[in-house]
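# Close look at the chain arrangement
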Amino acid sequence: MKHAFLITAHSNWEQLKALLKQIDFPDHDIYVHIDAKAKKYPKAELETVTQYSKVRIYSNFKVYWGGYTQTLAQLQLFKEAFNNGPYDYYHMMSGGIFSWSITKNSIYFLKRTRAKNL
């Protein structure tokens, strides 16, 4: 099963790198939108921090929390993933969180419940 992770981020690069490492699996691709207001971010490090997943980084919008630009950034990530897919699952995430739920057990759960409404 193929998974696309769509992540919006604006800071906390070490935390983002940790998140990317956590969701790094062979059938995962990662799409990251970095807020265009972020002046310096470690693009090369973010693109190469994973062992299995391909990380694609975009920075097209100045994102304002709760504003339409947040939706634009998310739509761009979905469009990019859709054009590079197909994927079985699309996961929208914030780079400001650390997900404890993306583990081998959760991937196994999704495989078992495929095509069911949850």
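This text goes with the structure placed above it.
Since this is a predicted model, take the numbers as computed values, not measurements.

Each value, and the rule that gives it
Residues numbered from 1 in each chain as written. Predicted model: local features only at pLDDT ≥ 70, side-chain atom pairs only at ≥ 80, totals over all residues. Heavy atoms only, no water. Pairing = 2+ DSSP bridges. Helix = DSSP H or I, 4+ residues; strand = E, 2+ residues; numbered from the N terminus. Axes fitted to C-alpha atoms, helices over the stretch in contact; angles between N-to-C directions. Buried < 20%, exposed > 50% of the residue type's maximum accessible area, 1.4 Å probe, protein only. Salt bridge = Lys/Arg side-chain N within 4 Å of Asp/Glu carboxyl O. Contact = heavy atoms within 4.5 Å. 1 Å grid on protein atoms, 1.4 Å probe; cavity = no way out; pocket = protein on both sides within 12 Å on 5 of 7 lines; lining within 4 Å. Points joined across faces, edges and corners; volume = space filled by probe spheres on them. Nonpolar A, V, L, I, M, F, W, Y, C, P; charged D, E, K, R; others polar. Core = buried A, V, L, I, M, F, W, Y, C linked by side-chain atoms within 4.5 Å.

## Overview of the sheet that holds strand 2 (residues 28-34)
With parallel pairing, the four strands of this open sheet are ordered in space as 3-2-1-4. The open sheet terminates on both sides in strands that have one partner only, identified here as strand 3 (54-58) and strand 4 (89-94). Adjacent strand axes in the sheet meet at a mean angle of 20°, parallel and antiparallel pairs treated alike. Here strand 2 runs beside strand 3; their pairing, made up of five bridges, is parallel. The partner of V32 across the bridge, within strand 3, is I57.

## What about unusual backbone geometry?
A cis amide bond links G85 to the next residue, P86, at an omega of 15°. By secondary structure assignment, the location of P86 is in the loop between helix 3 (68-84) and strand 4. Of note, the phi angle at N12 is positive, near 55°, even though the residue is not glycine. Relative accessible area serves as the criterion here: at 43%, N12 is assigned to the partly exposed category.

## Let's talk about the pattern of salt bridges
Within this structure, the stated rule accounts for four salt bridges. Between E14 and K17 there is a salt bridge, with the nearest N and O atoms lying 2.9 Å from each other. Of this pair, E14 and K17 are both found in helix 1 (residues 13-22), three residues apart, which corresponds to roughly one turn of the helix. A salt bridge links K37 to D35; the nearest nitrogen and oxygen atoms lie 3.0 Å apart. Note on K37: relative accessible area 33%, which makes it partly exposed. Exposure remark for D35: the relative accessible area of 6% places this residue in the buried category.

## Digging into the side chain of K17
A relative accessible area of 10% places K17 in the buried class. Not counting residues up to four positions away in its chain, the partners in contact with K17 are E45, L46 and V49.

## Here we look at the layout of surface pockets
In this approach the atoms are scanned with a rolling probe the size of a water molecule, which exposes any empty space left behind. Space inside the largest pocket adds up to approximately 220 Å³. Here the lining of the largest pocket is built from residues that sort into four nonpolar, nine polar and one charged.

## Comments concerning the nonpolar core
I7, L16, L20, I30, V32 and I34 are the most contacted members of the largest nonpolar core, which totals 17 residues. Contributing elements (two or more residues each) for this core: strand 1 (3-9), helix 1, strand 2 and strand 3. The contact partners of I30, leaving out residues within four places of it in the chain, are F5, I7, L20, I23, T50, S53, K54, V55 and R56. In terms of nonpolar packing, the next biggest core, distinct from the first, is built from seven residues, A4, Y31, L77 and Y87 among them.

Interpretation note: all reported values are geometric properties and have no functional meaning in isolation.
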